[in-house]
Amino acid sequence: MNLFRKKSVSSGLSNSSLNKVLGAFDLTMLGIGAIIGTGIFVLTGVAAADYAGPALILSFIIAGLACTFAALCYSEFASMIPEAGSAYTYSYVAFGEVVAWILGWDMVLEYGLASSAVASGWSGYFQSLLSGFGVHFPTALTSAFDSSKGTFIDLPAVLIVLLVTFILTRGVKESAKLNTVMVIVKLAVVILFIAVGVWYVEPGNWTPFMPMGFSGVTAGAAVVVFAYFGFDAVSTAAEEVKNPQRNLPIGIISALTICTILYIVVSLILTGIVPFDQLGVKDPVAFALSFIHQDWAAGFISLGAIFGITTVLIVMMFGQTRLFYSISRDGLLPKKLSKVNGKTQIPVVSTWVTGGLVAALAGLIPLNKLAELTNIGTLFAFSAVSLGILVLRKTQPNLKRGFKTPWVPVVPVLAILFCGYLMLQLSAFTWKGFVVWLVIGLVIYATYGYKNSKLNQSDSTEANTNKPA
């Protein structure tokens, strides 16, 4: 058995049937669309109240550094291997098939749970907005199954997932245009919060600065790393990018830089307005403006949060569809998932499969603890991609690279160390769930993926050709 057979750098490009329509600006907007959303509008409050306190700013800096180091490694891979699939595809070239499958299966967990958690968050904001107009869903339809609360399904979450799925089937350029409009709206809302809130900061709220100690800061960083996940989704669009060697690195690094600055500024103002122990609410940014009696602005923030979280959902689900497309094209999942519509040039089957899975998870399963699985999967993928840079610099130094990660091996090693450290801050439950998920993935690979792999079929054909008469 050849578990570590590798793809060549250009193996997937010749048979790509996706439409190359995205430029650097589209990619930057996709990245911001995925990064600015749940992180600012939901996680800031939880991370401050439960983990870091006013030192939340340090949590965002630590998580931002880890992701910046990883993003520089992603950028080199994206410029060198402009194919759909992100970390899955990169590891197929660097490490071989079984490692690629593990990374791909890990990313299915990332995208699926992240999309479901985001949809649940969207539902909360949407129901809150409707309640302001006196409109309420029946209790049974307001949240995932919980017999003690009388809830059976989160209907708004299911509906938004199905709507986003329909949008994604219309075409990548159309989806990107809608995403750009909503990104502009939510950036305006974030800037509104900064412009209004900065005048109400009370420096006394920053004391004590680190109430849970440095361990609270690092635990907070492990939680808020979820907020930075979006730049990974940018690299999944590689086969739909014009001049990917130039535009992919620009899109990844620009989006991450803009979002890191906004996260730091917002967290600083947020903890300066409201005592950190009162921020454990589902809408901390809107709550902060209500706290200082700026209710007119809080209403805009709630509306902007709905737009913001919608763009996160669009990009996360987009990434999942392209991941299924890439893995299926390599034969490790059923071929129908890589079937592309001739008119829209969209992998329609993988899009609706993604929509169905995410809708089921978001509608039926409470994701409070499972959301941590998204973080451990993300950090694992970041570490693997960073290690892949070290491997390919050694094994294939002459590959054409449109962008080179600076200060190798320092940057990849720092990415691995930062991500590994943050993984260790996650709970034992998260680690157990992660291991179980990977074991399930290995069983699927052993029973289906290995024998149906395109590389396995080509190996068999070559062996039969070379067999003596």
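In this text the structure is predicted, and so the values were computed from the model without any measurement. (Residues numbered from 1 in each chain as written. Predicted model: local features only at pLDDT ≥ 70, side-chain atom pairs only at ≥ 80, totals over all residues. Heavy atoms only, no water.)

1. Focus: the side chain of Thr271
The criterion, for reference: Here a strand is any run of E in DSSP of at least two residues, a helix any run of H or I of at least four, and the numbering for each starts at the N terminus. Whether two residues touch is decided by their heavy atoms; if any such pair falls within 4.5 Å, the residues are in contact.
Tracing the chain through its elements places Thr271 in helix H10 (residues 244-273). Apart from residues lying up to four places away in sequence, Thr271 is in contact with Ala48, Gly53, Pro54, Asn205, Trp206 and Leu279.

2. Description of unusual backbone geometry
In the segment running from Thr207 into Pro208, the intervening peptide bond is cis, with an omega of -5°. Mapped onto the fold, Pro208 is located in the loop between helix H7 (172-197) and helix H8 (213-224). Residue Pro409 is reached from Val408 by a cis peptide bond, and omega for that bond is 15°. Within the secondary structure, Pro409 is located in the loop between helix H14 (371-395) and helix H15 (410-424).

3. Some details on the nonpolar core
Worth spelling out the cut-off: As used in this record, nonpolar core signifies buried Ala, Val, Leu, Ile, Met, Phe, Trp, Tyr and Cys residues forming a set joined through side-chain atoms within 4.5 Å. Exposure classes here rest on a 1.4 Å probe applied to the protein chains alone. A residue is buried below 20% of its type maximum, exposed above 50%, and partly exposed in between.
Ranked by size, the top nonpolar core spans 148 residues in total, and within it Leu22, Phe41, Tyr74, Phe77, Phe193, Phe231 and Tyr263 carry the most contacts. Residue contributions to this core peak at 16 residues, all from helix H12 (residues 295-329). Beyond its immediate chain neighbours, meaning those up to four positions away, Leu22 contacts Leu27, Leu30, Val172, Ala176, Ala237, Glu240, Val241, Lys242 and Asn247.

4. Remarks on the pattern of salt bridges
Defined as follows: Salt bridge, as used here: a side-chain nitrogen of Lys or Arg that lies within 4 Å of a carboxyl oxygen of Asp or Glu.
The full count for this structure, using the stated rule, is 6 salt bridges. Note that Glu83 and Lys7 form a salt bridge whose closest N and O atoms lie 3.5 Å from each other. Taken together, the positions of Glu83 in the loop between helix H3 (56-80) and helix H4 (87-94) and Lys7 in the segment before helix H1 (24-35) put the pair 76 residues apart, joining distant regions of the chain. Residues joined by salt bridges that share partners form a network here, namely Lys7, Glu83, Arg329 and Asp330.

5. Looking at the side chain of Asp330
Inspection of the secondary structure assignment puts Asp330 in the loop between H12 and helix H13 (348-364). With relative accessibility at 8%, the residue Asp330 sits in the buried group. Asp330 has contacts with Lys7, Tyr88, Tyr92, Asn452, Ser453 and Lys454, leaving out every residue within four places of it along the chain.

Distances and angles like these do not, on their own, reveal function.
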